[in-house]
Amino acid sequence: MALVPMLLTMWGFLFVSENYNDTQWVKDITIANDISVDVLSNVKYAQATPNQIVEQVYFSIEEVFKYDVTAGAEMQNLANKAQGRVLVISEAYTVVWDNSNLENGKYLMSNNIIEAMKGKQIIDTSKDSRYIEIYTPIRDTTNERVVGIVILMTDSNPTVEYKENIYKHILAIMPIAIVILLLISCYYAINIYKPYRRLITSMKNITDGNINEKIEIDGHGEIEDIATAFNEMTARIEETEISRQEFVSNVSHELKTPITSIKILADSLLQQEGIPVETYKEFLADIVSEIDREDKIINDLLSLVKLDKKNNSLNITSVNIDTLFEQILHRLTPIANKRNVEIIYESFKEVMAEIDEMKFTLAISNLVENAIKYNRENGWVKVSLNSDHKYMYIKISDCGIGIPKESIDKIYNRFYRVDKARSRETGGTGLGLAITRNAILMHKGSIKVHSEENVGTDFSIRVPLYNVQKEEIEEGDFND
Amino acid sequence: MTKNSLNRKKIIALIVLIIMLTILLFACKDTKQTEKLNDSEILLYYLNDSEDDFVTEKYELQGETIEEKTRNTLLALAKEPTKNNAKTVLDPNILISSTTMSQDILKIDFYTGYVLDMADELMARVCIVKSLAQIEGISYVEFYVNGQTARDYYGKMLNTIYLNNYTVASDSMEKIIRNTEVNVFFANATGDKLLQQKIQIEYPLSMRIEEALVRLLIDGPLTEDTYRTINKKTVINSINLKNSICYIDLSEDFLNMDKDITEEVAVYSLVNTLVENNSCNRVMITIEGKQHNIYKDKLVISEPLKRNLDIIDAINK
């Protein structure tokens, strides 16, 4: 990258010297033109009558320079002005005038001379040449015929030396610059490559099972971002992994407890002899209740797994929520009566919503059941339903034992129980709230909890009235 | 990615790099090639198709004597060349009456028809002259037609032609190198007298002889018995000729001369050398564009200086 400005500077130098040359040429061309016009006024060619010959009219350019002193002086003037050598060549390709007096009478032919003799001015400035050569045809006034040419050769020395100097400098600087650039780029390449290698090593380690591995890369821009993102990703994976392990251990524990009870009950029946039938009945009843518990846990787990499945689509129907609530509350009344808990249902208006009836019922009945179970004797549970044009709002409050502050974040975790002993007593599986939350989220709704220990708990739920996918299509149609 | 494939990629990259560098080096190679000639080979000169340049072609000399060689060369020159873009300017049916040598002058007698078209006469003459000039032993040529001296395009008689007077070049004038013998004045061992030396110098046609001479002095003598008279760092600012006076402007370095060299020797090596070899009679020296009254301590240089013969070493005179 550093190469670019360097090259630009170099071309800049060359451009300046190139331009300097240009102005030099322009000057010299002007001089050459002026002079050749002056000389030309003396050449009146061929058609002269004998009288005119007497009047000093010359037949050829050779004669002009032979007899007219001013012509030579003009040429010398040109040579002085341009600080160069001037040759005048006749149309017979003979040198008729030379300011160094060495070429007179010699024949001189070159590509440029022959071209110029055809009437074209030629400026020869080959790249590798030190001299600027200007070939100017001299024309006869009477018939426009070329009678000779003036060659002006001027030393472009200052510019050439200047250029040579620059070239020398460039030649000297170039290898050094290239070496430095190579070193710099090598350094950067290695430095850029290093963190990548560390990243790759870490990724390999993680692949090998060291999920705790953290990548520590600092101060390298994008690489650092990648590392941070990667660390976040591994942290998330780790979290998921931990919760999965916890879940598995919880599940096995929960499933094992009833079986252990059954085994103990059955064993004690088998080991004793002469047990009265009442005892058998009592033990068998206990075994049945344990089996029921097991069955309940398995059912809950299954419904949770169903809710978890990503592809699981909701079986959407339009349902009268009022009726649904009444049914749920009616079903739960026996449990409430057992503990003498009063259920208050408050409906502000008739609500029709598009929901999956099964899952929605599960979610609400879990919440109401919890409100009843974790209530005090003679307590109350209040269920209210309201809606606007878009959402329905459900609030379930109780005057129960409440949830401690430190537990409020974990209540939706599977198998999490605030008070394990009590919960088992009440027949909870620890999956109820997890199921509720999943069901509400599937309906694109939201659930909030507010609780105060020994005062009560409020669950607020908001669920859209219309299924979102359907809604989107409707809005799309409307827009069209 | 395995280590093997990584290494292979590195090797491929390296090879590509080397190839690219090699290509860069080839770009620097000079592609110009000049034809090499044996002793018995010469180049025949032809015109190109657009008649604005000369084209050469190799030719093996045939015959024993110079006369025979010349005759055969002329006959070969009259034939169409093998090169596509070249053509001969001579009449293919050219008839040569005789070729005779006396000393180093070659006389060629043509039958009528030497000159084809008048306009081509010059070109034909140049082609003949340039071709014959390569044959050893010939310095001059005289053309005759039926025993009479030949005439040129303008009807002028073609007198004896000095072969070296014909210069043909494809390039610029700068590429034409001239050889001249000049008289140069350097200092003697003690630095108080001038020694005259005859030197063969080479300079491009585009350079003025005055400049070549001053450069010669600045560059210093090549032999050991003579000594430098002008500071090596001196730069020629300008040289002008007017009314037989040579005005020369030099840089300040001209004033800083070795102590061993007297003022007269420094100044007159320049004046004498220029006057001796040039059409000028006097030399006017200025420094950095300004007139100096006195060169250093006593020598007056405020006006054009004539040649000074007294300062030349007596032995040398």
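Computed from a predicted model, the values in this text were never measured in an experiment.

Visitor: It is not clear to me how the overall build of chain B should be interpreted in this structure. Could you clarify?
Guide: Counting its regular elements, chain B contains five helices and 16 strands. Relative to its full complement of 317 residues, chain B shows a buried share of 45%. Partitioning the contacts of chain B with sequence separation of at least 6, the portion at a separation of at least 24 is 59%.

Visitor: Teacher, can you tell me more about the overall build of chain A here?
Guide: Tallying secondary structure elements over chain A gives 13 helices and 13 strands in all. A burial count over chain A gives 41% of its 480 residues as buried. A total of about 27600 Å² of accessible surface is found on chain A, and carbon and sulfur atoms cover 57% of it.

Visitor: How do you make sense of the packing of helix 7 (residues 222-271) of chain A against helix 8 (residues 277-308) of chain A when you look at a structure like this?
Guide: To describe two helices that pack against each other, one gives the angle between their axes and the distance between the axes. All names here are of chain A. For the pair helix 7 and helix 8, the least separation of the axes is 9 Å and the interaxial angle reads 165°. Here helix 7 lies roughly antiparallel to helix 8, going by the angle between them. The interaxial crossing formed by helix 7 with helix 8 has left-handed handedness. Residues belonging to the contact of helix 7 with helix 8 are distributed by class as follows: 16 nonpolar, three polar and five charged.

Visitor: I would appreciate a short explanation of the confidence of the model for chain B in the present structure.
Guide: Caution applies to low-pLDDT regions: their predicted coordinates should not be interpreted in detail. Residues and elements named next belong to chain B. The share of residues in chain B with pLDDT of 70 or more is 90%, and the mean pLDDT across the chain is 81. Counting contacts from residues 29-33, a segment whose pLDDT is below 50, to residues more than four positions away or on other chains yields zero contacts. We note a pTM of 0.51 for the whole complex and an ipTM of 0.77 for its interfaces.

Visitor: Would you explain the side chain of T234(B) in this entry?
Guide: Residue and element names in this part refer to chain B. With respect to the element layout, T234 can be found in the loop between helix 4 (209-219) and strand 12 (236-242). The exposure class of T234 is buried, given its relative accessible area of 6%. Here the side chain of T234 touches N231 through a polar contact of 2.7 Å, landing on its backbone oxygen. Beyond its immediate stretch of four places on either side in the chain, T234 contacts I218, L250, S251, D253 and F254.

Visitor: So what exactly am I meant to see when it comes to the sheet that holds strand 1 (residues 41-48) of chain B here?
Guide: Within a sheet, adjacent strands bond to each other through the backbone by hydrogen bonds, running parallel or antiparallel. All names here are of chain B. What the three strands build is an open sheet, ordered 2-1-3; its pairing is antiparallel. The sheet is open, and its two edges are formed by strand 2 (54-60) and strand 3 (86-87), each paired on a single side. Bridge count for strand 1 against strand 2 is seven bridges, and the pairing is antiparallel. Bridge pairing in strand 2 links E41 to E60.

Visitor: Can you walk me through the packing of helix 10 (residues 357-373) of chain A against helix 12 (residues 432-442) of chain A in this structure?
Guide: Residue and element names in this part refer to chain A. Running from N to C, helix 10 and helix 12 cross one another at 140°; their axes reach a closest spacing of 8 Å. Here helix 10 lies oblique to helix 12, going by the angle between them. Our pair here, helix 10 against helix 12, has a crossing hand that is left-handed. On the side of helix 10, the interface is formed by K359, F360, L362, A363, N366, L367 and N370, while helix 12 contributes G432, L433, I435, T436, A439 and I440.

Visitor: Hey, could you run me through the nonpolar core in this one?
Guide: It is characteristic of soluble globular proteins that their nonpolar side chains tend to be buried jointly. One finds L108(A), I113(A), I151(A), F54(B), I108(B), F143(B) and M173(B) to be the most contacted residues of the largest nonpolar core, which totals 60 residues. Element by element, the count of residues in this core is highest for helix 3 (residues 121-132) of chain B, at eight residues. Residues L304(A), L332(A), I364(A) and L433(A) belong to the second largest nonpolar core, which totals 47 residues.

Visitor: Help me out: how do you make sense of the environment of L132(B) in this one?
Guide: Residues and elements named next belong to chain B. Secondary-structure assignment places L132 in helix 3. A C-alpha to C-alpha distance of 9.6 Å links L132 and Y45, two positions 87 residues apart in sequence. Other than its neighbours up to four places away in sequence, L132 contacts T70, T73, L106, I108, I138 and L163.

Visitor: Whenever I open this one, the sheet that holds strand 5 (residues 131-139) of chain A confuses me. Can you help?
Guide: All names here are of chain A. Spatially, the five strands line up as an open sheet ordered 2-1-6-5-4, and their pairing is antiparallel. Both outer strands of the open sheet, strand 2 (95-98) and strand 4 (122-124), are each paired with one neighbouring strand and no more. Shown here is a sheet whose adjacent strand axes are inclined to one another by a mean of 15°, direction ignored. In the sheet, strand 5 pairs with strand 6 (residues 146-155) via nine bridges, with the strands oriented antiparallel. Each bridged residue has a counterpart across the sheet, and for P137 the counterpart in strand 6 is I149. Against the sheet, helix 4 (residues 69-82) engages strand 1 (84-90), strand 2 and strand 6, with an angle of about 145° to strand 1.

Visitor: What's the story with the pairing of strand 12 (residues 446-452) of chain A in this structure? I'm lost.
Guide: Residues and elements named next belong to chain A. Relative to strand 13 (residues 456-464), strand 12 runs antiparallel, the two being bridged by seven bridges. Within strand 13, the residue paired with K448 across the bridge is S460. In this antiparallel pair of consecutive strands, strand 12 and strand 13, the connection spans three residues, and N454 shows a positive phi of 65°.

Visitor: Before we go on, may I ask you to explain helix 12 of chain A in this structure?
Guide: Think of an α-helix as 3.6 residues a turn; residues three or four steps apart then line up on the same face. Residue and element names in this part refer to chain A. By the criterion of burial, helix 12 is predominantly enclosed, with nine of the 11 residues buried. Of the positions making up helix 12, those classed as buried are G432, L433, A434, I435, T436, N438, A439, I440 and M442. The inward-facing, buried residues of helix 12 contact helix 8, helix 10, strand 12 and strand 13. Downstream of helix 12 by a residue or two, K444 has a phi angle that is positive, lying close to 65°.

Visitor: For this particular structure, what's the right way to read the interface of chain B and chain A?
Guide: In many analyses, interface size is given as the accessible surface area lost on bringing the parts together. Contacts between chain B and chain A engage 43 residues on the former and 41 residues on the latter. Approximately 3300 Å² of surface area, both sides summed, lies buried where chain B meets chain A, with 48% of it carried by carbon and sulfur atoms. Where chain B touches chain A, the interface holds one salt bridge. Between R178(B) and E103(A) there is a salt bridge, with its nearest N and O atoms 2.7 Å apart. Inspection of the region where chain B meets chain A yields 16 residue pairs in polar contact (both at pLDDT 80 or more). Secondary structure elements with two or more residues in the side of chain B that touches chain A: helix 3, strand 9 (166-169), strand 10 (177-187), strand 11 (194-204), helix 4 and strand 12 of chain B.

Visitor: I keep staring at the pattern of salt bridges and nothing clicks. Help me out?
Guide: Side chains carrying opposite charge are able to pair once their charged atoms draw close together. Residue and element names in this part refer to chain A. Counted according to the given criterion, the structure contains 13 salt bridges over all chains. For D356, the salt bridge is made with K359, and the minimal N-O distance between the two is 3.4 Å. In this pair, the class of D356 matches that of K359, namely buried. Through salt bridges with shared partners, a single ionic network connects E115, K118 and K120.

Visitor: Which parts of the structure should I look at to understand a nonpolar patch on the surface?
Guide: Residue and element names in this part refer to chain A. Where nonpolar side chains cluster on the molecular surface, the patch consists of I176, I180, I184, Y187, Y188, I192, Y193, Y196, I200 and I226 and spans about 980 Å² of accessible area. With nine residues, the single largest contributor to the nonpolar patch is helix 6 (residues 157-207). With respect to the secondary-structure elements, Y188 resides in helix 6.

Visitor: Help me understand unusual backbone geometry in this model?
Guide: Note on backbone geometry: most residues besides glycine have negative phi, and most peptide bonds are trans. Phi is positive for N243(B), which is not a glycine, with a value near 45°. One non-glycine residue, E288(B), adopts positive backbone phi at about 50°.

Conventions and cut-offs
- Residues numbered from 1 in each chain as written.
- Chains lettered and ligands numbered in written order.
- Predicted model: local features only at pLDDT ≥ 70, side-chain atom pairs only at ≥ 80, totals over all residues.
- Heavy atoms only, no water.
- Helix = DSSP H or I, 4+ residues; strand = E, 2+ residues; numbered from the N terminus.
- Buried < 20%, exposed > 50% of the residue type's maximum accessible area, 1.4 Å probe, protein only.
- Contact = heavy atoms within 4.5 Å.
- Areas by Shrake-Rupley, 256 points an atom, 1.4 Å probe, with all protein chains shown as cover.
- Axes fitted to C-alpha atoms, helices over the stretch in contact; angles between N-to-C directions.
- Parallel < 35°, antiparallel > 145°, perpendicular 65-115°, else oblique.
- Left-handed = near helix turned anticlockwise from the far one by under 90°.
- Nonpolar A, V, L, I, M, F, W, Y, C, P; charged D, E, K, R; others polar.
- pLDDT = per-residue confidence, 0-100.
- Polar contact = N/O pair within 3.5 Å; in protein donor to acceptor, adjacent residues only side chain to side chain.
- Pairing = 2+ DSSP bridges.
- Core = buried A, V, L, I, M, F, W, Y, C linked by side-chain atoms within 4.5 Å.
- Buried area = accessible area lost by both parts, 1.4 Å probe.
- Salt bridge = Lys/Arg side-chain N within 4 Å of Asp/Glu carboxyl O.
- Patch = residues over 30% accessible without salt bridge, like charges linked within 9 Å, V, L, I, M, F, W, Y side chains within 5 Å.

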